[in-house]
There are 2 protein chains.
Amino acid sequence: MAVTIKDVAKKANVAPSTVSRVISDNPRISDATKKRVRKAMEELGYHPNVNARNLAIRSTQAIGVIMPSSAETSLQNPFFPEVLRGIGSMALETGYSLYVSTGGDDTQSFEEVKRMVYGNRVDGIILLYSRRNDPIMNFLVKEKFPFVLVGKPYKKESQITYVDNDNIQASKKMTEHLIELGHRRIAYLGGTTDLVVTTDRLDGYKQALSAANIPINEKFIIHDEFLRSSGRKAVEKLFSFSEPPTAILVADDMMSLGVINMLEELGIECPEDVSITSFNNLYLSEITRPSLTTVDINIYSLGIQSAKSLIERLKAKDEPVKRVIVPFEIKYRNSTRALTE
Amino acid sequence: MAVTIKDVAKKANVAPSTVSRVISDNPRISDATKKRVRKAMEELGYHPNVNARNLAIRSTQAIGVIMPSSAETSLQNPFFPEVLRGIGSMALETGYSLYVSTGGDDTQSFEEVKRMVYGNRVDGIILLYSRRNDPIMNFLVKEKFPFVLVGKPYKKESQITYVDNDNIQASKKMTEHLIELGHRRIAYLGGTTDLVVTTDRLDGYKQALSAANIPINEKFIIHDEFLRSSGRKAVEKLFSFSEPPTAILVADDMMSLGVINMLEELGIECPEDVSITSFNNLYLSEITRPSLTTVDINIYSLGIQSAKSLIERLKAKDEPVKRVIVPFEIKYRNSTRALTE
DNA sequence: CTGAAAGCGCTAACAC
DNA sequence: GTGTTAGCGCTTTCAG
């Protein structure tokens, strides 16, 4: 087997405990022996065994990251690698490792989480999505296991540390923008209503309409899986009305791509015939045609902040529950235009 | 602390070793005691401590996944979540966990790998990219640490287990398709030549041209970061020739998006003015406009196979080095058309 | 300042 | 079939 702390101890003529202290840079060790021990470590090519260490200190220096169950095509959404990048960079900086669960179906996802929690694999967890009545989140809460949520909790908001954008506000601002451009018939296309982010964005939309005294037309509000053809019917229907929308607020960049594509098949051009606004500011929203007017939600920063909050909590058990709101910024591009009729 | 194997042993009136045997479902334990022990575990809410187990068996049941250093925008490429999904599903099935390194810069990436390897954090590693003279791969080879590569090794091919498509063939086929469509002036746009996949696809392109007796025009071969504006100059130049290309073989779907976008800004339409073929068949290649004629490289399967190969290797130390070639399939869509002039 | 020794929770001979 | 007993490699009192 590999070289252990004992080998180093022997070579440096000290006790294993001394070596251990050198590793953790304990100030009570004389510089002389420190130097000697380090030299021995060097020569032997010693590297501490993390497992043994973790067992002894009952911690793992690892955090678990839970993606939504991959049944959904959602995983192809570049949102995830991007948060991961943020989380990863913070983890690196603080010496934590990343354990990732990519899901499978809901049951498997849950199993993975149990393994992480019960098996002492990770010290804390970051949940990359928020939906109502999520069994995993309920489990984490029940077990009092440290975790932070990326997104807004469906309930028990005050008891859960989470990192989110102000999606209601962002959506409201975006809708107001459309209104300023002269649009009145504005539709909302969102994904599954299970996700809190979807309903938040819907709320913002409604608020803006109400504030502008535009009646809310329930027929203009559609929830569907727009990535697949199933969404086509919905879009077709939307434009079969005698007074179809002149603008659409779409809840996600990937979805927008799909919607624009469907529209084109129906002979409806964006932005000429209909303006589209979107969310997330994925890299591709800039290079798609038309480039998307979209809300930059700062995905990377969501990752950074969530990792930061979790790690703070792990270091100080009594760290208070907190909410971190990452600012958003609207990117004005070419998928919207003023209504001139 | 949590409930341990001893607690269960006591409660079930057996020795800890018996409990351990029940956990691993050792056939030498009578069904009666098995039942009794399981009941005790149930009642106590016992879950084995993975760290302790790992320490005892000197293994971690975890595999490390190394992404390219995230300096590159490449991480926003949905390729990664998709392989991850494949790897994850295989890992789940076999009881392995996933450790992910998201990079940071090259140095940090390397550090992470060392931590994984030396710290005994993972049993094996999957490298998600292949480039020439990659220090990480060299390190892994030198340390004789079990790993598999997604992509083709730059050298020492016979000593490294890897999972890849036949990119040369795929590229050749695609180029032939363009030739059949009547194109003669075909350009190749690829990413950094560091990546083996880039050069493989270039090779296939060249082979097809040569086979068709079309001289290779070096001015038609461009390597650049097409995601950013830097690529624009290259594209502009390409179309400033008196005889510009009528078709372009682009090495990646995301890149194709960017290229089509640039072309449009130059007033060049796809497929009317220029045909474009692409690689990867990301989900978005179907919903972009025009939808992309692209090579489906079966990303998910690349993930599955790489995990499978690694795990086989981990289970049998003497498992031979192997090469797995995942089949590709060309998806014919709307970014290409026959040349009629 | 440093050493000795007792664990952390589990597995794996080796007995019986 | 099941119990006993050493470890796995590291940390951490407690002495000195």
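Residues numbered from 1 in each chain as written. Chains lettered and ligands numbered in written order. Predicted model: local features only at pLDDT ≥ 70, side-chain atom pairs only at ≥ 80, totals over all residues. Heavy atoms only, no water.

Novice: Help me understand the interface of chain A and chain B, please; the structure alone is not making it clear to me.
Specialist: As a measure of interface size, the accessible area lost when the parts come together is often cited. Contacts between the two partners involve 58 residues from chain A, matched on the other side by 58 residues from chain B. With both sides pooled, the region where chain A packs onto chain B buries about 5300 Å², and carbon together with sulfur makes up 57% of that total. Of all residues in chain A, Gln76(A), Tyr283(A) and Arg289(A) bury the most surface against chain B, accounting for 16% of the area lost on that side. The interface formed by chain A and chain B contains two salt bridges. The salt bridge involving Glu264(B) is made with Arg289(A); its shortest N-O contact spans 3.4 Å. Linking chain A with chain B are 15 residue pairs in polar contact (both at pLDDT 80 or more), by the criterion used here. Listing elements by their share of the side of chain A that touches chain B, those giving two or more residues are helix H4 (50-57), helix H5 (79-94), strand E2 (97-101), helix H6 (106-118), helix H11 (253-265) and helix H12 (284-287) of chain A. Tallied by class, the residues present in the side of chain A that touches chain B amount to 26 nonpolar, 22 polar and 10 charged. (Contact = heavy atoms within 4.5 Å. Buried area = accessible area lost by both parts, 1.4 Å probe. Salt bridge = Lys/Arg side-chain N within 4 Å of Asp/Glu carboxyl O. Polar contact = N/O pair within 3.5 Å; in protein donor to acceptor, adjacent residues only side chain to side chain. Helix = DSSP H or I, 4+ residues; strand = E, 2+ residues; numbered from the N terminus. Nonpolar A, V, L, I, M, F, W, Y, C, P; charged D, E, K, R; others polar.)

Novice: Just checking my understanding: could you explain the sheet that holds strand E6 (residues 186-190) of chain B for this structure?
Specialist: Residues and elements named next belong to chain B. A sheet is described by the order of its strands in space; here six strands give the open sequence E7-E6-E8-E9-E10-E12, paired in mixed fashion. The open sheet has two free edges, formed respectively by strand E7 (221-223) and strand E12 (329-331), since each of these has just one partner strand. Pairs of neighbouring strands in the sheet enclose a mean axial angle of 20°, with direction left out of account. Pairing of E6 with strand E8 (residues 247-250) involves four bridges; the strand directions are parallel. Along E8, the bridge assignment pairs Leu-189 with Val-250. Relative to E6, helix H9 (residues 196-211) is tilted by about 170°, and along the sheet it contacts E6, E7, E8 and strand E9 (275-279). Lying on the sheet, helix H11 (residues 253-265) is in contact with E6, E8, E9 and strand E10 (293-296); it crosses E9 at an angle near 160°. (Pairing = 2+ DSSP bridges. Axes fitted to C-alpha atoms, helices over the stretch in contact; angles between N-to-C directions.)

Novice: Would you mind going over the domain arrangement of chain A with me for this structure?
Specialist: All names here are of chain A. Domain boundaries assigned for chain A yield domain 1 (62-165 + 299-327) and domain 2 (167-297). Of note, the centres of domain 1 and domain 2, computed from C-alpha atoms alone, are 28 Å apart. Taken together, the contacts link 17 residues of domain 1 with 15 residues of domain 2. Summed over both partners, the interface of domain 1 with domain 2 buries about 1300 Å², with 53% contributed by carbon and sulfur atoms. Our enumeration of links across domain 1 and domain 2 arrives at one salt bridge. Between Lys-152 and Asp-200 there is a salt bridge, with its nearest N and O atoms 3.2 Å apart. Summed over the shared surface of domain 1 and domain 2, the number is seven residue pairs in polar contact (both at pLDDT 80 or more). Broken down by secondary-structure element, the contributors of at least two residues to the side of domain 1 that touches domain 2 are strand E5 (162-165) and helix H13 (299-315). Residue composition of the side of domain 1 that touches domain 2, by class: eight nonpolar, five polar and four charged. (Domains from an automatic or database assignment.)

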